[in-house]
Amino acid sequence: MSPRTRSVPRLAAATAGVLAAGLCLTACGEGAQGGDGSSVKVGLITKTDTNPFFVKMRQGAERAAKTHDVQLSTAAGKFDGDNAGQVTAIENMVAAGVKGILITPNDSKAIVPALERARARGVLVVALDSPTDPEDATDALFATDNRKAGELIGKYAKSAMKGRKAKIATLDLAPGVAVGIQRHQGFLKGFGVPEKDPSVVCSQDTGGDQAKGQTAMENCLQKAPSLNLVYAINEPAALGAWTALKAKGREKDVMIVTVDGGCTGTRAVKDGKLAATSQQYPLKMAEQGVAAVAKFAEDGKKPSGYTDTGVTLVTDEPQSGDGSRDTAFGLKNCWG
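Notes on the structure in this doc start here. (Residues numbered from 1 in each chain as written. Predicted model: local features only at pLDDT ≥ 70, side-chain atom pairs only at ≥ 80, totals over all residues. Heavy atoms only, no water.)

## Here we look at the pattern of salt bridges
Just so we agree on the cut-off: Salt bridge, as applied in this entry: a Lys or Arg side-chain nitrogen positioned within 4 Å of an Asp or Glu carboxyl oxygen. Secondary structure elements follow DSSP: runs of H or I no shorter than four residues count as helices, runs of E no shorter than two count as strands, and numbering proceeds from the N terminus. Relative accessibility under 20% of the residue-type maximum defines a buried residue, over 50% an exposed one, and the middle range a partly exposed one, all with a 1.4 Å probe and only protein chains included.
Using the criterion set out here, one finds ten salt bridges in the structure. Lys295 is the partner of Asp299 in a salt bridge, and the nearest nitrogen-oxygen pair spans 2.6 Å. Of this pair, Asp299 and Lys295 both sit in helix H10 (residues 282–299), four residues apart, roughly one helical turn. Among the residues examined, Lys295 registers a relative accessible area of 43% and is labelled partly exposed. Linked through salt bridges whose partners overlap, the residues forming this network are Arg119, Asp139 and Lys302.

## Some remarks on the pairing of strand S13 (residues 311–314)
Put simply, side chains in a regular strand alternate between the two faces of the sheet. Note the following rule: Being paired, for any two strands, means DSSP has found at least two bridges between them.
The two faces of S13 match: Val311 and Leu313 on one face and Thr312 and Val314 on the other face are all buried. Note that strand S11 (residues 276–280) and S13 share four bridges and pair antiparallel. Note that in S13 the partner of Ser278 across the bridge is Leu313.

## Some thoughts on the pairing of strand S10 (residues 255–260)
Note the following rule: Crossover handedness is defined here as right-handed if the route from the first strand over the helix to the second strand goes clockwise, with the strands pointing away from the viewer.
S10 sits mainly inside the fold: six of its six residues count as buried. Going residue by residue along S10, you find Met255, Val257 and Val259 tucked away on one face and Ile256, Thr258 and Asp260 tucked away on the opposite face as well. With three bridges joining them, strand S9 (residues 229–232) and S10 adopt parallel strand pairing. Paired with Tyr231 across the bridge in S10 is Val257. The β-α-β motif built from S9, the intervening helix H8 (residues 235–247) and the parallel element S10 has right-handed crossover chirality. By the bridge criterion, four bridges tie S10 to S11 in an arrangement that is parallel. Paired with Thr258 across the bridge in S11 is Thr277. Assessed by its sense of winding, the connection that carries the chain from S10 through helix H9 (residues 263–270) to S11 is right-handed.

What is shown is where atoms sit, not what they do.
Set out below in structure tokens:
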């Protein structure tokens, strides 16, 4: 989620306002004409500018901006959860005359009033990766099917356990966050166990952070020393879990499955640290989002509903009928 900067004089005032709020606002590409003959402006607002997932998303938006000959402005919160920063970015982009805003909301509920104000000004609003709450607070959503992502690794884990009794630790995201809930529920469905099933011997929140994932795994090992399967919300949390398991000499006999498809995580699958990951595609989300705004500027037709941007099970130890691809494929399509 890291920006590459090119300054645009016409956006200088808006840029200064956003930077003062602790955000980064940049722009690239000029040329496409809106209905009034002006250059079409598109805004991208990510959760932060440091996570590799959002770095790749920005790269996709920059590439699409050149393809569709539009002017792209980008902004990011100072930290994961920075709703106030994203609100400031929305206000600055609307003031700068954007035709559409693409956003990965830090707070799916708290961001809604700012998005409603933007839409009332005629701005197309598209959520990327994470839906708002309610989902129809944006015109459209381009994202991974997170339940499917969880279900793929759940089915894989069930098959790879080969009939052994599972003792599962779930390393989750945080209460009330849609992405984390959907992946968790998908994993349980894929594995074939209900919520609160006794086979789930430990559940901890990690915030998707590697250090917190390690701490969560250490806590689970104390609570349930004989656990043998770990579901992790993302690859950083999964690698934190692997570090904790290695410290206890358990890294060979505990299976870890996760979701993301970043290059670091995919290499960890190749190295045998993780058994499998569900790979998602942030570059595609951003490319399709920019294209949707460009089309809206051209013909006035708004995209609507949910567009699935794809997910692929990646592993080097496939199970019968799992439809997986190997890490060679994963590394060609990874991000970060």
